[in-house]
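Take a look at the letters that make up each chain.
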Amino acid sequence: MSRLFFSLVLYKQTFDDIYPLLMSIENLNNLYPDRVFLSIYDNTSTTIRFNKKKFSFLNFPVKYTHDQRNIGFGKANNRNFKNFLPSNNDLFIISNPDTYFDANELKKFIDFFLDQKNIVCANPLIRNKDSSIQYSSKRNPTFLSLLLGFLPFLLRIKILREYDLFHKNKDKDYVNQTFQANFLSGSFLVVKSNIFKKVGGFTDSYFLHLEDADLVRKCSLHGETAHLPKGEIIHTWNRGSHKSLFQISHIIRSMVIYFYIWGFKFI
């Protein structure tokens, strides 16, 4: 039987922030008894965080690691993967702390995904808290697509707005249609464990931004990477401002790394 390994990376989140996700996983554990596991890597740069007893109310194994160095999103998820050493038939589920789901809905996604031999990596339908759709199953990054994400006022220009629609596959039926997408959101990303291991997990050189685009593109070399709307999750989108110097520096750094690996493409 396939097991479900959840990976959660924290940075300054409180226990209340992650409680909805923890309870979602707990409810899923009731549907897949003895098959659910959670590994938490806490990058928060303070000396005291959560005592492991804090998670004792959960009825599935939890491994909690606190590292003050803040090694980054990708590296932390790689460490989480190694904590449990999943077998080839298991699923590695990368989940942001600001996500949660209805367990019965996600079960539809998991059961369908496990039956697909060709699909190696997928997103379920991702919604905002107000139930609107996050168009997060995109084409590979280009300089223009990243520029539009950084400077959204440019979308007032019709031709750029049409390009953004094309890049984010907004012409697709996100609610009902399964479709190929090589850039899936890392906010809730499900990867077959043998593929995650085969591609070497996240590329360590990224710290923040585009590590999900890079990972999914690597996975796409070994099978289909798809938007798979058989279930859905809520992503409340609690992220730092793209206008902070910290965010700007890491966006630029990640762009350089991504285009160095995959080649520069303007449009």
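It should be noted that the structure appears before, not after, this text.
This report concerns the structure included in the present document. (Residues numbered from 1 in each chain as written. Predicted model: local features only at pLDDT ≥ 70, side-chain atom pairs only at ≥ 80, totals over all residues. Heavy atoms only, no water.)

**Some thoughts on a positive patch on the surface**
As a reminder of what qualifies: Residues enter patches when their relative accessible area tops 30% and they take part in no salt bridge; the joining distance is 9 Å for like charges and 5 Å for the nonpolar side chains Val, Leu, Ile, Met, Phe, Trp and Tyr. Areas reported as accessible are Shrake-Rupley estimates using a 1.4 Å probe. Residue values count occlusion only from the protein chains shown. Each reported salt bridge corresponds to a side-chain nitrogen of Lys or Arg within 4 Å of a carboxyl oxygen of Asp or Glu. Charge assignment: positive for Lys and Arg, negative for Asp and Glu; neither His nor the chain ends contribute. Where a charge lies is defined by one atom per residue type: Lys uses NZ, Arg uses CZ, Asp uses CG and Glu uses CD. In DSSP terms, a helix is any run of H or I states spanning at least four residues, a strand is any run of E spanning at least two, and both are numbered starting from the N terminus.
A contiguous patch of positive charge on the surface is contributed by K75, R79, K82 and R253. Looking at the positive patch, the element that brings in the most residues is helix α2 (residues 73–84), giving 3 residues. Assignment of secondary structure puts K82 in helix α2.

**Here's the deal with the pattern of salt bridges**
We count it as follows: Throughout this description, buried means an accessible area under 20% of the type-specific maximum (1.4 Å probe, protein chains only), exposed means over 50%, and partly exposed covers the range between.
Here the structure, examined in full by the defined rule, presents 9 salt bridges. Salt-bridge contacts for E105 lead to K108; the nearest nitrogen and oxygen are separated by 2.9 Å. Of the two residues, E105 and K108 are both situated in helix α3 (residues 103–115); the distance of 3 residues between them amounts to about one turn of the helix. On the basis of relative accessibility, which here comes to 26%, the residue E105 falls in the partly exposed class. The exposure class assigned to K108 is partly exposed, which follows from its relative accessible area of 46%. Salt-bridge contacts for K170 lead to D164; the nearest nitrogen and oxygen are separated by 3.9 Å.

**Quick notes on a nonpolar patch on the surface**
On the surface, a cluster of nonpolar side chains totalling about 350 Å² of accessible area is made up of F264, F266 and I267. Within the secondary structure, I267 is located in the segment after α8 (245–262).

**Observations regarding the pairing of strand β2 (residues 36–42)**
Filter applied, for reference: Any two strands between which DSSP finds at least two bridges are classified as paired. Orient the strands so they point away from the viewer, and a crossover whose first-strand-to-second-strand path over the helix runs clockwise is right-handed.
Most of β2 sits out of view: 7 of its 7 residues are buried. In β2, alternate side chains face the same way, and those of V36, L38, I40 and D42 on one face and F37, S39 and Y41 on the other are all buried. Direction of pairing for strand β1 (residues 4–10) relative to β2: parallel, over a ladder of 7 bridges. Bridging from a neighbouring strand, V9 pairs with Y41 of β2. As for the winding sense of the linkage, the β-α-β connection from β1 through helix α1 (residues 15–31) to β2 is right-handed. Looking at chain direction, β2 and strand β3 (residues 62–66) are connected through 5 bridges and run parallel. If you follow Y41 over to β3, its bridge partner there is T65.

**Remarks on the packing of aromatic side chains**
Basically, it comes down to this: Each aromatic pair joins two rings of Phe, Tyr and Trp (for Trp, the six-membered one) with centres within 6.5 Å, and gets the label stacked for planes under 30 degrees apart, edge-to-face for over 60, and tilted for any other angle. Only when the NZ of Lys or the CZ of Arg is both within 6 Å of the ring centre and within 35 degrees of the ring normal is a charge said to sit over the ring.
Using the criterion set out here, one finds 27 aromatic pairs in the structure. With 6.4 Å between their ring centres and 50 degrees between their planes, F15 and Y19 make a pair best called tilted. Taken as a pair, F15 and Y19 lie in helix α1 at a separation of 4 residues, close to a single helical turn. Take F15: its relative accessible area is 11%, and that puts it in the buried class. With 4.7 Å between their ring centres and 45 degrees between their planes, F81 and F196 make a pair best called tilted. One end of the pair, F81, is in helix α2; the other, F196, is in helix α6 (residues 193–198), and 115 residues separate them in sequence. For the residue pair F81 and F196, the accessibility class agrees, reading buried in each case. Above the plane of the ring of F15 lies K54, whose end atom (NZ or CZ) is 4.8 Å from the centre. Across from the ring centre of F183, 4.4 Å away, lies the NZ or CZ of K138, which sits over that ring.

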